[in-house]
Amino acid sequence: MSRRPARCHRAGALCAWLLALAAVAPAPSMAEHGNGDWGLAELMAARAEVTGGRARFREEHHDELLAEPVERTGTLVYRAPDYVRKTVTGTDGRTLEVHGDRVRVGDGDDQRRLHIHEHPALAGAVAAFRATLAGDLATLREHYAIRFQGGHDDWTLTYRPTTGALAERLERIVIRGRGRAISEVETRETDGSWRLMRISRAGDGAG
Amino acid sequence: MRRLVPFVVACSLCAALAAVLALVLARGGVDTDLTAFVPTPGGDVPEALRDELRAGLSERVILAGIRGGGVADRIRASRALRQKLAGQPGVARVVNGPASAAPDGLDALMPYRYLLSPEVTPERFREDALRRALAERRRELAGLLGGVDRERLRADPTGELRAVLRQLRPEVTPATRNGIWVTDQEEHALLVIESRHDGTDLDAQQRLLDAVRAAFGEAAGDASLELVLTGQPVFAVQSRARIQATIARVSVIGGVLLVALLLWAYRSVTAIPLVAVPLLSALVAGAGVVVALFGSVHGMTLAFGGTLVGVAVDYAVHLFSHRRSGEPAQRAMIRIWPTIRLGALTTVAGYGAMVLSGVAGLMQLGVFAAAGLVAAALTTRWLLPAIVPEAPTRRHLPGPAWLDAAPPRAGRWLVVAAAVAGLGTVAGHGDRLWQDDPAAMNPVPRSLQEEDARLRSALGRADMRHLVLVSGAGAQQVLRRLEALEPSFRALVADGVVAGVDHPAGVLPSRATQLRRREALPAPDVLQRRLARAGQAQGFRDGAFTPFVEAVEAARSRDPLTIDDLEGTPLADLVQGQLVRAQGRWWGVARLRGVGDAQALAARLADAPVPGVMHLDLKAQAEAGLVRLRHHVLGYSLAGAVVMLALLGAGLRSLREAGAVWLPALLAAPSAAAILLAAGQRLSIFHLVSLLLVVGLSLDYALFFRRRGEDALARAQTRRALLVCGASTLGMFALLAGSDLSVLRDIGRTVTLGAALGLLFGWLVSARR
């Protein structure tokens, strides 16, 4: 990102021309800009102002290893800048908590602690989720190629993994939302498994 | 022109002697292994194992902390530094976070997981246990967003690889920020740099440290960051640099003072190189005989031995001082030779007593001092007179009139009173007498030691102090014994005696254990049946765990992993230095972390139900070694003192006369020690060796003070000779006393004090009745 404005500056005339073209032409698929005056930069800036929140979710999961699709419900908690917790309720209930680089899985006596950087794929998944919530574009770019579509009232973010271990397992993550709120996260894995998480707000910000 | 010849000859002689010394040292080699000086009770730990322990512990590890700037700067610099250092010739490994800390290629262990995992029992593969494991895997599938490793999950649903890795990972890990190790408050980013070179190869370590600093300079970029380096290689290199700098400073300043003193006293430039000839001869002979007898010379022998033969400087001074107008040097030499000979012989006998100690380092020291002093005396007698310029330029030596003053009549009683007070002070200090903590003698500055402790605790790398050694006829027996100790280790941890135990059987189980685990694995059809029911209950589709069934079947016929198979696997690194072959036996090394009460630990280990177990407290061993060394030095020095009296008696043909020389010389040592103690110091082995030099110097002073049968001129010459001897010694060692290195400071203070007292006592008893 840091090199882009510099290039713009050097080839200022060309950039101005392209921007003018973008303003008049209907170009909804233009990466990172979207249409109108709401783009990736604006979304990230808006997210960066969120200090935390709590939301409910409902997740539909089609896993190649499971005989039937699974439906899970639970809560998400976010505290800026680096704390997230996903709690699944019901029979398959369990908590996954990430704080900084440390991950805690399970509840009560049955807990496991691990370190995200010992598991590159986990680090990637955490980054997609947490860095989006925090509006941390630099971290996202470490793991993904990012594409932004739509505008303020209805935007779509698509992440395609660029690092080896992550790209082996994950095909893409698609996040949809309105304004600074996130409403859906769709994950597609390379073996055909996929899941769709719908987020409903239960406070300010997390979703 | 003719007057220049002796000067050139003397200078050439010095250069030749220095060259021979360098050659002898290069040929024989200088050891730095301190154990040569530490007497150990016979045969408990083989030498080879000691070497292995030292190499495996900390000698190659540099700890680095990056501070200053912002957190992001420090983390970026840590990444960049690791990148720049990785692959440099002197660097074995750079670790700056959990990702780089994990040994490479752990996947190679995957096929052995059912033999290595401590969790493997028949119960683990029953239907109910499988059902619980699969329920856990199903919950894991939920994840955060996805990205779960499905291949691993299918092949290892019971999580055995995870159980194996848990055995390998240290329990204490540093805090991290963005995958980079940091101290708890994040004010340092932390790295561990492993050198490829031996800890003793100081030049290589120096190059590595320079490379690290250069790489850091580039890695830091514009950020105002600071690099802190600690660890054994850093300490060793820094100490060497500081000692060299101090010696260089003392040599230059002391050299200038000495030259000025000699020019003032003798008005002769030739005197300057000539004074060095006996000393250099002593060093050459000492080092040469030690190399011939022992194969090499120890660094400590050189340092201590060089101190002890320092008295040789005085021999030439006496020759210059005692010449009369127009007298050939040879005749003056013949007059003073009996005194020099008696002094040298007595000192040789005194120091030589250490040869009987049986401790390699002390034997070397005794041989070095004895050979060196004999050579110095012989050189003075037979070589110096031939080189000394023809006629002395002055009739009388300069010097103030008080030099010729007679001592007070009560002189000897003053000496006795001072000595009684000194001995009383020493006795009164009882248990506050000795400094036996090796750390207190550490030449590393306290601030750097504190920095090291801070980084070490942040990295969870507490200094390895307590070890349990388990020996056996073969590697397998050692591993079985360690496994038999496992319940004792667990009890120690449970009772809070230790925080944790790492041992090689935790990484590489014995063959017997691996075979027992293999027996626990169910047949494929049995496993398949149980798995089908458990999988159905948890909603997994058919065939989801086929790789698991195949892996268990393969493990049922897999040969156990043994130490011979480890070559090239990550386990080789982990077991290295922990499972060692030495003197035809195998030794397992268990490392105990966080030991609170060392005595309780020793008591508990003494009851261990396994033969061949030995508890090793490295710090206590080092302390006990120092105490034994001190006892040896003290004991053999006292024995040497008795021999000295006997020799003096024979040489002076009067026991009374011998006593008058011997007592003040000997009493200068405790009196100097008393002053040091009164100033709040404790006496270390360095003080003790310095006191030996004090006795040697004082003996010569006393002998010359009491020379009989001479006229007034001779007595005046003797007084002036002793003034020059004393001034040169006091000047040199007073400069050392101003050093900021505790070891050199201790030596400097002790010899300065002791030599001054020796001169004073010698003068006080010089009056004859």
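Just so it is clear, the model here is predicted, and its values are computed rather than measured. (Residues numbered from 1 in each chain as written. Chains lettered and ligands numbered in written order. Predicted model: local features only at pLDDT ≥ 70, side-chain atom pairs only at ≥ 80, totals over all residues.)

*Asks:* Could you clarify how one ought to interpret the overall build of chain A in this entry?
*Replies:* Per the secondary structure count, chain A includes six helices and 11 strands. Evaluated residue by residue, chain A yields a buried proportion of 32% over its 207 residues. Pairs at least 24 apart in sequence give 44% of the contacts found in chain A among residues at least 6 apart. (Helix = DSSP H or I, 4+ residues; strand = E, 2+ residues; numbered from the N terminus. Buried ≥ 20, exposed ≤ 12 C-beta atoms within 10 Å, placed from the backbone. Contact = placed C-beta atoms within 7 Å.)

*Asks:* It is not clear to me how the overall build of chain B should be interpreted in this structure. Could you clarify?
*Replies:* A tally of regular secondary structure across chain B gives 29 helices and 13 strands. In terms of principal-axis extent, the alpha carbons of chain B reach across some 115 × 60 × 45 Å. Here chain B, with 769 residues, has 45% of them falling under the buried criterion. Long-range contacts, defined here as pairs at least 24 residues apart, represent 82% of the contacts in chain B between residues at least 6 apart.

*Asks:* What's the story with the sheet that holds strand β8 (residues 154-161) of chain A in this structure? I'm lost.
*Replies:* For sheets, the rule is that strands pair by backbone hydrogen bonds, running either parallel or antiparallel. Residues and elements named next belong to chain A. On the basis of which strands lie adjacent, the open sheet formed by 11 strands has the order β6-β5-β4-β3-β2-β1-β11-β10-β9-β8-β7 and antiparallel pairing. Strands with a single pairing partner mark the edges of an open sheet, and in this sheet they are β6 (112-115) and β7 (144-151). Going across the sheet, the axis of each strand differs from the next one's by a mean of 15°, ignoring polarity. Pairing geometry for strand β9 (residues 170-178) and strand β10 (residues 181-189), over eight bridges, is antiparallel. When the bridges of β10 are listed, V174 appears paired with E186. (Pairing = 2+ DSSP bridges. Axes fitted to C-alpha atoms, helices over the stretch in contact; angles between N-to-C directions.)

*Asks:* Explain the interface of chain A and chain B to me, please; I cannot follow it from the model alone.
*Replies:* One frequently used descriptor of interface size is the decrease in accessible area upon assembly of the parts. Each partner contributes to the interface: chain A provides 32 residues, whereas chain B provides 24 residues. If one sorts the elements of the side of chain A that touches chain B by residue count, helix α4 (residues 120-134) of chain A sits on top with seven residues. Counted by class, the side of chain A that touches chain B contains 15 nonpolar, five polar and 12 charged residues. (Nonpolar A, V, L, I, M, F, W, Y, C, P; charged D, E, K, R; others polar.)

*Asks:* Would you take a moment to explain unusual backbone geometry for this structure?
*Replies:* Working note: non-glycine residues mostly have negative phi, and peptide bonds are mostly trans. Here the amide bond leading from A80 of chain A into P81 of chain A is cis, since omega sits at 0°, within 30 degrees of zero. Summarising the element assignment, P81 of chain A is placed in the loop between β2 (70-79) and β3 (83-89). Positive phi, normally seen in glycine, also occurs at N178 of chain B, with a value near 50°. Note that N178 of chain B resides in the loop between β4 (175-177) and β5 (180-182). Judged by the 20 C-beta atoms lying within 10 Å of it, N178 of chain B is buried. With a phi close to 65°, E186 of chain B is a non-glycine residue in the positive phi region. Secondary-structure assignment places E186 of chain B in the loop between β5 and β6 (189-195). C-beta crowding within 10 Å serves as the criterion here: with 14 such atoms nearby, E186 of chain B is assigned to the partly exposed category.

*Asks:* Please explain the packing of helix α21 (residues 524-537) of chain B against helix α22 (residues 546-555) of chain B as it appears in this structure.
*Replies:* Between two packed helices, the angle of one axis relative to the other and the distance separating the axes together describe the packing. Residue and element names in this part refer to chain B. Relative orientation of the contacting elements α21 and α22 amounts to 150°, with a least axis distance of 10 Å. If you check the angle between α21 and α22, you find them roughly antiparallel. Helix-helix and strand crossings are classified by hand; for α21 and α22 the assignment is right-handed. In contact with P524, L527, Q528 and L531 of α21, α22 contributes V549, V552 and E553. Here the contact of α21 with α22 is composed, by residue class, of five nonpolar, one polar and one charged. (Parallel < 35°, antiparallel > 145°, perpendicular 65-115°, else oblique. Left-handed = near helix turned anticlockwise from the far one by under 90°.)

*Asks:* What is the right way to look at the environment of G460 of chain B in this model?
*Replies:* With respect to the element layout, G460 of chain B can be found in the loop between α17 (446-458) and β9 (466-472). The spatial distance from the C-alpha of G460 of chain B to the C-alpha of G295 of chain B is 41 Å, given a sequence separation of 165 residues.

*Asks:* I would appreciate a short explanation of the environment of A410 of chain B in the present structure.
*Replies:* Summarising the element assignment, A410 of chain B is placed in the loop between α15 (360-387) and α16 (411-429). For A410 of chain B, a count of 12 C-beta atoms within 10 Å puts it in the exposed group.

*Asks:* How should I be thinking about the nonpolar core in this particular structure?
*Replies:* A general tendency of soluble globular proteins is for nonpolar side chains to be buried together. Judged by nonpolar contacts, the single largest core of 128 residues is most densely connected at V309, A316, L319, L373 and V694 of chain B. The contacts of L373 of chain B, once residues within four sequence positions are left out, are A282, V309, A312, A344, T347 and V348 of chain B. (Core = buried A, V, L, I, M, F, W, Y, C linked by C-beta atoms within 7 Å.)

*Asks:* Where do I start with the confidence of the model for chain A in this structure?
*Replies:* Interpretation of the predicted coordinates at a detailed level should be avoided for regions scoring low in pLDDT. All names here are of chain A. Here chain A averages 80 in pLDDT, and 80% of its residues register 70 or above. The least confident element of chain A, judged by mean pLDDT, is helix α1 (residues 3-10) at 42; the most confident is β8 at 94. Contacts from residues 1-31, a stretch scored under 50 in pLDDT, to residues over four places away or in other chains number 12 contacts. (pLDDT = per-residue confidence, 0-100.)

*Asks:* Could you clarify how one ought to interpret the confidence of the model for chain B in this entry?
*Replies:* All names here are of chain B. Averaged over every residue, the pLDDT of chain B is 85; the share at 70 or more is 93%. Averaged pLDDT values for the elements of chain B fall to 62 in helix α2 (residues 47-57) and rise to 95 in helix α20 (residues 511-520). For this predicted complex, the interface confidence comes out at an ipTM of 0.79, alongside a pTM of 0.72.

*Asks:* Before we go on, may I ask you to explain the pairing of strand β2 (residues 61-68) of chain B in this structure?
*Replies:* Remember that side chains alternate between the two faces of the sheet whenever the strand is regular. Residue and element names in this part refer to chain B. Where burial is concerned, most of β2 is hidden: six out of the eight residues are buried. Of the pairings in the sheet, the one linking β2 to β6 comprises six bridges and is antiparallel in character. Directly across from L63, in β6, lies its bridge partner V192. With six bridges connecting them, β2 and strand β7 (residues 225-230) associate as antiparallel partners. Residue pairing for β7: L63 is matched across the bridge by T230.

*Asks:* What is the right way to read the environment of R267 of chain B from this model?
*Replies:* Residue and element names in this part refer to chain B. Here R267 lies in the loop between α10 (232-266) and α11 (271-294). According to the C-beta neighbour criterion, R267 is partly exposed, with 13 such atoms within 10 Å. Remark: the alpha-carbon pair of R267 and A523, spanning 256 residues in sequence, is separated by 101 Å.

*Asks:* It is not clear to me how helix α1 (residues 4-28) of chain B should be interpreted in this structure. Could you clarify?
*Replies:* Spacing of three or four residues puts side chains on the same side of an α-helix, whose turn is 3.6 residues. Residue and element names in this part refer to chain B. When the terminal C-alpha atoms of α1 are compared, their 36 Å separation across 25 residues agrees well with the 36 Å that a helix rising 1.5 Å per residue should span. P6, A10, L13, L17 and V24 are the residues of α1 that are buried. Residues of α1 that are buried in the fold lie against α11 and α15. Positioned one or two residues after α1, G29 has a phi angle of 85°, which is positive. (Expected span 1.5 Å × (residues − 1).)

*Asks:* Can you help me understand the packing of helix α14 (residues 329-352) of chain B against α15 of chain B in this one?
*Replies:* All names here are of chain B. Where α14 contacts α15, the axes come no closer than 10 Å and their chain directions differ by 175°. Judged by the inter-axis angle, α14 sits roughly antiparallel to α15. Here A329, Q330, M333, W337, I340, R341, A344, T347, V348, Y351 and G352 of α14 come into contact with α15, specifically with G366, A369, A370, L373, V374, A377, T380, R381 and P385. The residue inventory of the contact of α14 with α15, partitioned by class, reads 13 nonpolar, five polar and two charged.

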